[in-house]
Amino acid sequence: MPALPGRLVTIDGPAGSGKSSVARELAARLGWRFLDTGAMYRTVGLLGLRRGLDFSDSAAVVRAMDAAVIDFDWSQDPPRIRLDGEAVDEAIRSLDATDASSRVASMPEVRARLVEAQRRIALEHGSFGLVSEGRDQGSVVFPTALVRFFLDAPVEERAKRRVEQLESAGMAADLESIRRGIRERDAHDRARAVGPLVIPLGGVVIDTGSLPMEAVVDRLEGVVREALGSVTAARATS
Ligand code: DC
């Protein structure tokens, strides 16, 4: 892998740990760019749905992916993800696309292509500073990032957040079945052969369960600024 820019921070963690909003806010505070890698998996899922593909046929998904253009429009803030030039950032949030994204995320060939695309993005945009969020960013994609965070929260708290999200979107939500779903998904994600959910080596673990979002971001920002300060000091003395 070519040398990565020094201003790269990763945020890994399970669904419902709050990593997405935290990553966005951290990037805004640092004045850096933000990479939502989940959006890339979701767009591959949407592509499969639009082409009517069978999600048990990974070769077909990979062929469709190779024939499509998935990129971000970096002129927008936050950057908008595009599928063959069309902004799909809303379409990828549907329930169907969410299910499809989890199917394609377990395909090794899909992961290999997206990991390569994420590294390319870091090389192209890293000079601005980049906060990259996703469950394998520090553990697999950027193991040498300046700081590798792992956000976690108790299942109970993550289930409560999910119920609030669904209810505020006008959908019915049953806490018990959501709690069960989270436990099952965690077990599946941690056992996955490719890109499993693990704490990155040397990662900074933060429990977001008992803290408001602002306080979590304060903590992350402090760690990043300190790490940046150490890098600058080390350069000055060498
Ligand atoms: O974070 P999200 O819900 O937008 O992610 C969508 C899907 O992609 C979800 O099943 C997790 C998966 N994903 C992944 O496997 N690796 C990533 N780096 C990001 C997301």
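Use the structure listed above.
Residues numbered from 1 in each chain as written. Predicted model: local features only at pLDDT ≥ 70, side-chain atom pairs only at ≥ 80, totals over all residues. Heavy atoms only, no water.

Side note on the environment of Leu 151
- In this fold, Leu 151 is placed in strand E7 (residues 147-152).
- For Leu 151, the residues in contact, after removing those within four places along its chain, are Ile 11, Asp 12, Gly 13, Pro 14, Ser 17, Gly 18, Lys 19, Val 22, Ile 206, Thr 208 and Leu 220. (Helix = DSSP H or I, 4+ residues; strand = E, 2+ residues; numbered from the N terminus. Contact = heavy atoms within 4.5 Å.)

Thoughts on the site of the ligand
- In the neighbourhood of the ligand, 13 residues make up the surrounding shell, with Thr 37, Arg 42, Ser 101, Arg 111 and Asp 136 lying closest.
- At 2.8 Å, a side-chain N or O of Arg 111 approaches an oxygen atom of the ligand.
- Here the ligand has 450 Å² of accessible area as a free molecule, and 86% of this is covered by the chains.
- When residues of the shell around the ligand are traced back to their parent elements, those giving at least two are helix H2 (37-50) and helix H4 (95-104).
- The leading source of residues in the shell around the ligand is H2, at 4 residues. (Near = heavy atom within 4 Å. Polar contact = N/O pair within 3.5 Å; in protein donor to acceptor, adjacent residues only side chain to side chain. Areas by Shrake-Rupley, 256 points an atom, 1.4 Å probe, with all protein chains shown as cover.)

Thoughts on the side chain of Gln 118
- With respect to the helices and strands, Gln 118 occurs in helix H5 (residues 108-125).
- A distance of 3.1 Å separates a polar atom in the side chain of Gln 118 from a polar atom in the side chain of Gln 137.
- Beyond its immediate sequence surroundings of up to four residues, Gln 118 is in contact with Leu 35, Thr 37, Met 40, Tyr 41, Gln 137, Val 141 and Phe 142.

Re the sheet that holds strand E5 (residues 86-87)
- Strand order in the open sheet formed by 3 strands is E3-E4-E5, with antiparallel pairing between adjacent strands. With one partner strand each, in any of the chains shown, strand E3 (70-73) and E5 form the two edges of the open sheet.
- Of the strand pairs in this sheet, E3 and strand E4 (residues 80-83) are connected by 4 bridges, and their pairing is antiparallel. In the sheet register, Asp 73 faces E4, and the bridge partner there is Arg 80.
- Relative to E4, H2 is tilted by about 30°, and along the sheet it contacts E3, E4 and E5. (Pairing = 2+ DSSP bridges. Axes fitted to C-alpha atoms, helices over the stretch in contact; angles between N-to-C directions.)

With respect to the sheet that holds strand E6 (residues 130-133)
- On the basis of which strands lie adjacent, the open sheet formed by 5 strands has the order E2-E6-E1-E7-E8 and parallel pairing. Each having just a single partner strand, strand E2 (33-36) and strand E8 (204-207) make up the two edges of the open sheet. Neighbouring strand axes in the sheet, compared pairwise and without regard to direction, differ in orientation by 20° on average.
- Examined bridge by bridge, strand E1 (residues 8-12) and E6 share 4 bridges and lie parallel to one another. Bridged to Ile 11 within E6 is Glu 133.
- Where helix H1 (residues 19-30) meets the sheet, its contacts fall on E1, E2, E6 and E7, and the angle it forms with E6 comes to roughly 180°.

Here we look at the pairing of E4
- Of the two faces of E4, the one lined by Ile 81 and Leu 83 is fully buried and the one lined by Arg 80 and Arg 82 carries no buried residue.
- Turn length for the E3-E4 hairpin, with the two strands adjacent in sequence and antiparallel, is 6 residues.
- As paired elements, E4 and E5 share 2 bridges and run antiparallel to each other. Residue pairing in the sheet places Leu 83 in a bridge with Glu 86 of E5.
- Counted along the chain from E4 to the antiparallel partner E5, the turn is 2 residues long, and its residue Asp 84 has a positive phi close to 50°. (Buried < 20%, exposed > 50% of the residue type's maximum accessible area, 1.4 Å probe, protein only.)

A closer look at the pattern of salt bridges
- What the rule picks out here adds up to 22 salt bridges.
- Linking Arg 135 and Asp 189 is a salt bridge whose minimum nitrogen-to-oxygen distance equals 2.4 Å. Of the two residues, Arg 135 sits in the loop between E6 and helix H6 (137-141) while Asp 189 sits in helix H8 (residues 175-191), which places them 54 residues apart along the sequence. (Salt bridge = Lys/Arg side-chain N within 4 Å of Asp/Glu carboxyl O.)

Here's the deal with unusual backbone geometry
- Backbone torsion omega between Asp 77 and Pro 78 reads 0°, so that peptide bond is classified as cis.
- With respect to the helices and strands, Pro 78 occurs in the loop between E3 and E4.
- The backbone phi angle of Asp 84 is positive, close to 50°, even though this residue is not glycine.
- Secondary-structure assignment places Asp 84 in the loop between E4 and E5.
- Of the residues examined, Asp 84 reaches a relative accessible area of 43% and is grouped as partly exposed.

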